[in-house]
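Residues per chain are reported as follows:
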Amino acid sequence: MLRVEQVTKRFGGLTAVDHITLNVGDTGITGLIGPNGSGKTTLFHMITGFYTLDRGRIYFQDRCISGRPPHTISRQGMVRTFQHTRVLPFMTAMDNLLSAAPDQAGERLCSVFFRPGRIRREEEAHRERAKEILEFVHLTPLSHQLAGRLSFGQQKLLEIGRVLMARPRMILLDEPTAGINPTLIRHLVNILRGLTARGIRIFLIEHNMPLVAEICEKVFVMDSGRLIFSGLPAEARQDARVIEAYLGREDRAA
Amino acid sequence: MDYLLHILIVALIYAVFAMSLNLELGYAGLYNFGHVAFFGIGAYTSALLSLAGLPVPLGMACAMVAAGMAGALLCVPALRLTGDFFGIATLVFAEMVRLFFLNERWLTKGPMGLPGIPRPSWVGTGIAAMPMFLVLCLLLTVSVFLLVRWVAVSPFGRALKVVREDEYVAQALGKNVFSLKTRAVVAGSVLAGLAGSLWAHYITYISPGDFTLNETILVLLCVVLGGKGTNWGPVLGAFAVVFFQEALRFLPIPADLGRLIAPLQGMVYGLALILIMLQRPEGVISEYRRSRVC
Ligand SMILES: Nc1ncnc2c1ncn2[C@@H]1O[C@H](COP(=O)(O)OP(=O)(O)O)[C@@H](O)[C@H]1O
Ligand SMILES: [Mg+2]
């Protein structure tokens, strides 16, 4: 589904991502782990078009997407969240979801004026779907609340809901469980499982190793910009290089 | 009576002008500091064409087209810049447009300005035309109000807000940020062109001095004071600012101080703008007033 080939990103003298090649096949949930600063977020930025590549190519569903702007990549069905939660603070939870609906005729000005009936029907359908998603992430009572006033955990859920609204084929989650409590983590895991059941592929950056072992079918490990392991989570925990990367330095991942 | 009509007409024209800026500032979050350029382009286009003998309504339509095209032209370079730099680019653009009005004498008569701009034939001429001109302004203002509200509640208006809130999120959700911003600026420019052409046909005399940074600040004040991102805010702001400005004339100010008033006024408006942005950025009517837990 997603193939990354020989991808490199430099910031001045620092090579944040160094000749990474990886293949996220048709796996349900794939994990990307590695110590802080190992280049995981940078790699996500490159996959989703937010950073340009210094080298290499990226394929999504066998189409080359490197060099495309973020919005076209998103429209092809690869939608991401951000490491630091980014809801639309001054819009309601409902509007946060509605604005994520894909390919809205109502975003074209001519349709706004000349095809009001079609837009009304489309909006009704989106609203129904948004309600289902709010139900799914347990935010129904807060649908008219401004997103900026939701708690941190609720914002995380809203962000996942918003990604769903975009009808993705694959979602990229950058540390979805960072800073949320264990109950919410369970809730999130259920949500993610529900998504894979619907055929959505998930690629996520995660620091919580037991969680990775629990939910990921496959895992990639990065260290200092390089890929040092790919395979089953259980094997990763026994791999000498992975252990060294995590234990052999001060800045152990939290 | 005529004076009241005059104030109402000016307020309505400013309401249209403010609503056009609100599309960019309130919805798309674009700080356009050169909005007066499109007002000016509308005014000059309409004035020149009707002076050349074209019917006034046709001149007004052309004014809107010309202003819209100028808006698109500005977007190509300016929207590649972000945040503050966009503001600076628009400021420079407005200055360039003003210098064009000032220096291209073959077209604009330069600093002499364009006198004798005709009014639409059916409203009449001179003082007698005022009531009908008010009706014309009222009709256009109401139409623009309904139009802007229609756009604002549409998915297009919502997408503009997404861009305003967070450009990265907008991109991650598949929105073409450049295209959305361009459409907002073009729509805003078209309506500013309409306001400008109304102004030209009402005042019947325009010169480059009418289209300076002062006017941009005034219209920014209308939008920010009234409440950006709301439907009624810019209208309310326009009436408040225009009435305040006219009320100043009745203050018993000694004649030799009069000379100081004009530049002082500009300063006061600028200061008011800064104070509102610091103290109550949402203006009198808040966009978020209806959101609560339920
Ligand atoms: N925009 C940037 N400019 C300069 N350096 C950056 C930038 N983004 C990331 N880096 C650097 O690249 C390295 C990898 O960062 P990042 O991808 O955020 O790591 P991770 O997500 O694995 O913690 C870090 O050393 C970071 O400081
Ligand atoms: Mg990171």
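Details of the structure are given in the entry above.
Remember, predicted model here, so these are calculated numbers, not experimental data.

Engineer: Just give me the short version of the nonpolar core, but keep the residues and values in it.
Structural biologist: Counting residues in hydrophobic clusters, the biggest one holds 151 residues, and the most contacted among them are Leu158(A), Ile13(B), Tyr14(B) and Ile206(B). The element contributing the most residues to this core is helix α1 (residues 2-27) of chain B, with 17 residues. Counting contributing residues per domain, this core is built from domain 1 (2-87 + 153-253) and domain 2 (90-149) of chain A, each supplying no fewer than three. Not counting residues within four places of it along the chain, the set of residues in contact with Ile206(B) comprises Ala43(B), Tyr44(B), Ala47(B), Gly113(B), Leu114(B), Ile117(B), Trp199(B), Ala200(B) and Phe211(B).

Engineer: Lay out the pattern of salt bridges with the relevant residues and their values.
Structural biologist: Here the structure, examined in full by the defined rule, presents 15 salt bridges over all chains. The partner of Glu5(A) in a salt bridge is Arg3(A), with the nearest N and O atoms 2.7 Å apart. Residue classification places Arg3(A) among the partly exposed positions, given a relative accessible area of 25%. Between Arg158(B) and Glu123(A) there is a salt bridge; the shortest N-O distance is 2.8 Å. Of this pair, Arg158(B) sits in helix α7 (residues 155-165) while Glu123(A) sits in helix α5 (residues 116-136), each in a different chain. Classification of Arg158(B) by relative accessible area gives buried; the value is 8%.

Engineer: Got a sec to walk through the site of ligand 1? Specific residues and values, please.
Structural biologist: Residues and elements named next belong to chain A. Neighbouring ligand 1 are the residues Phe11, Leu14, Ala16, Pro35, Asn36, Gly37, Ser38, Gly39, Lys40, Thr41, Thr42 and Tyr51. Between glycine 39 and ligand 1, the recorded distance is 3.0 Å, taken from a backbone N or O atom to an oxygen atom. A distance of 2.7 Å separates an oxygen atom of ligand 1 from a polar side-chain atom of threonine 41. Elements supplying a minimum of two residues to the shell around ligand 1: β2 (14-24) and α1 (40-47). If you tally residues by element for the shell around ligand 1, the top one is α1, at three residues. When its residues are assigned to classes, the shell around ligand 1 shows five nonpolar, six polar and one charged.

Cut-offs applied
Residues numbered from 1 in each chain as written. Chains lettered and ligands numbered in written order. Predicted model: local features only at pLDDT ≥ 70, side-chain atom pairs only at ≥ 80, totals over all residues. Heavy atoms only, no water. Core = buried A, V, L, I, M, F, W, Y, C linked by side-chain atoms within 4.5 Å. Buried < 20%, exposed > 50% of the residue type's maximum accessible area, 1.4 Å probe, protein only. Helix = DSSP H or I, 4+ residues; strand = E, 2+ residues; numbered from the N terminus. Domains from an automatic or database assignment. Contact = heavy atoms within 4.5 Å. Salt bridge = Lys/Arg side-chain N within 4 Å of Asp/Glu carboxyl O. Near = heavy atom within 4 Å. Polar contact = N/O pair within 3.5 Å; in protein donor to acceptor, adjacent residues only side chain to side chain. Nonpolar A, V, L, I, M, F, W, Y, C, P; charged D, E, K, R; others polar.

Treat this as a map of the structure, not an account of what it does.
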